[in-house]
Amino acid sequence: MDPLDEQPTVHEIGSRTYLVANVEPLDLDGVRTVEIGTVLWLIAFLALLPFYGRLEESGRLWWLWACMAGFGLGLFGIEICRKRRARRG
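Residues numbered from 1 in each chain as written. Predicted model: local features only at pLDDT ≥ 70, side-chain atom pairs only at ≥ 80, totals over all residues. Heavy atoms only, no water.

> Break down the nonpolar core for me, citing the residues and quoting the values.
Within the largest apolar cluster, 6 residues are counted, these being Phe-45, Leu-48, Leu-55, Leu-61, Leu-64 and Cys-67. Counting residues per element, the ones that place at least two in this core are helix 1 (31-48) and helix 3 (62-88). Apart from residues no more than four positions distant in its own chain, Leu-61 is found in contact with Tyr-52, Leu-55 and Glu-56. (Core = buried A, V, L, I, M, F, W, Y, C linked by side-chain atoms within 4.5 Å. Buried < 20%, exposed > 50% of the residue type's maximum accessible area, 1.4 Å probe, protein only. Helix = DSSP H or I, 4+ residues; strand = E, 2+ residues; numbered from the N terminus. Contact = heavy atoms within 4.5 Å.)

> So, helix 1: which residues are in play, and what are the values?
The first and last C-alpha atoms of helix 1 sit 26 Å apart over 18 residues, in line with the 26 Å expected at 1.5 Å per residue. Along helix 1, the positions that sit buried rather than exposed are Val-31, Thr-38, Phe-45 and Leu-48. Along helix 1, the residues classed as buried sweep out an arc of 130° about the axis, all on the same side. Projecting away from the buried face of helix 1 at angles above 90 degrees are the exposed residues Arg-32, Thr-33 and Leu-40. Contact partners of the buried residues in helix 1: helix 2 (52-58) and helix 3. (Expected span 1.5 Å × (residues − 1). Arc of directions from axis to C-beta.)

> Quick one: what's the story with the packing of aromatic side chains, residue by residue and with numbers?
Tallied over the entire structure, the rule returns 2 aromatic pairs. On the numbers, 6.3 Å between centres and 45° between planes, the contact of Phe-45 with Trp-65 is tilted. Residue Phe-45 is located in helix 1, and its partner Trp-65 is located in helix 3; the two are separated by 20 residues in the primary sequence. On the accessibility criterion, Phe-45 (10% relative accessible area) is buried. Trp-65 gets classed as partly exposed once you look at its relative accessible area, which sits at 45%. (Phe/Tyr/Trp six-rings, centres within 6.5 Å; stacked < 30°, edge-to-face > 60°.)

> Can you explain a nonpolar patch on the surface? Please cite residues and give values.
Side chains of Ile-36, Val-39, Leu-40 and Ile-43 sit close together on the surface and give an oily, nonpolar patch of about 370 Å² of accessible area. Checked against the element boundaries, Leu-40 lands in helix 1. (Patch = residues over 30% accessible without salt bridge, like charges linked within 9 Å, V, L, I, M, F, W, Y side chains within 5 Å. Areas by Shrake-Rupley, 256 points an atom, 1.4 Å probe, with all protein chains shown as cover. Salt bridge = Lys/Arg side-chain N within 4 Å of Asp/Glu carboxyl O.)

> Outline helix 3, supporting the account with residue identities and numerical values.
The first and last C-alpha atoms of helix 3 sit 38 Å apart over 27 residues, in line with the 39 Å expected at 1.5 Å per residue. Taken together, the buried positions of helix 3 are occupied by Leu-64, Cys-67, Gly-70, Gly-74, Gly-77, Ile-78 and Cys-81. Those residues of helix 3 that are buried lie in contact with helix 1 and helix 2. Note on helix 3: the residue one or two positions beyond its end, Gly-89, has a positive phi of about 100°.

> So what's going on with the side chain of Thr-38? Residues and values would help.
Position of Thr-38 among the secondary structure elements: in helix 1. A distance of 2.7 Å separates the side chain of Thr-38 from the backbone oxygen of Val-34, its partner in a polar contact. Those residues in contact with Thr-38, other than ones at most four positions away along the chain, are Phe-71, Gly-74, Leu-75 and Ile-78. (Polar contact = N/O pair within 3.5 Å; in protein donor to acceptor, adjacent residues only side chain to side chain.)

Right under this line is the structure:
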């Protein structure tokens, strides 16, 4: 019998009843999540790039550099998550 076909576990805490289903986690190591976030930061940077002059005039040029920082930190995050995945086996 498949363990995912079992009935969910029931926990009663006070007057509330909680059901805990047997489901597999979607992303154990976080690599895909960090990769997607990193790509989104890069897209945001590229989308703001044509508005460099307007951002500078309005004092919001930091938006552009925040996107670049998010992309750069995401690259480090991807490497960290990949090393963690390799260590876990």
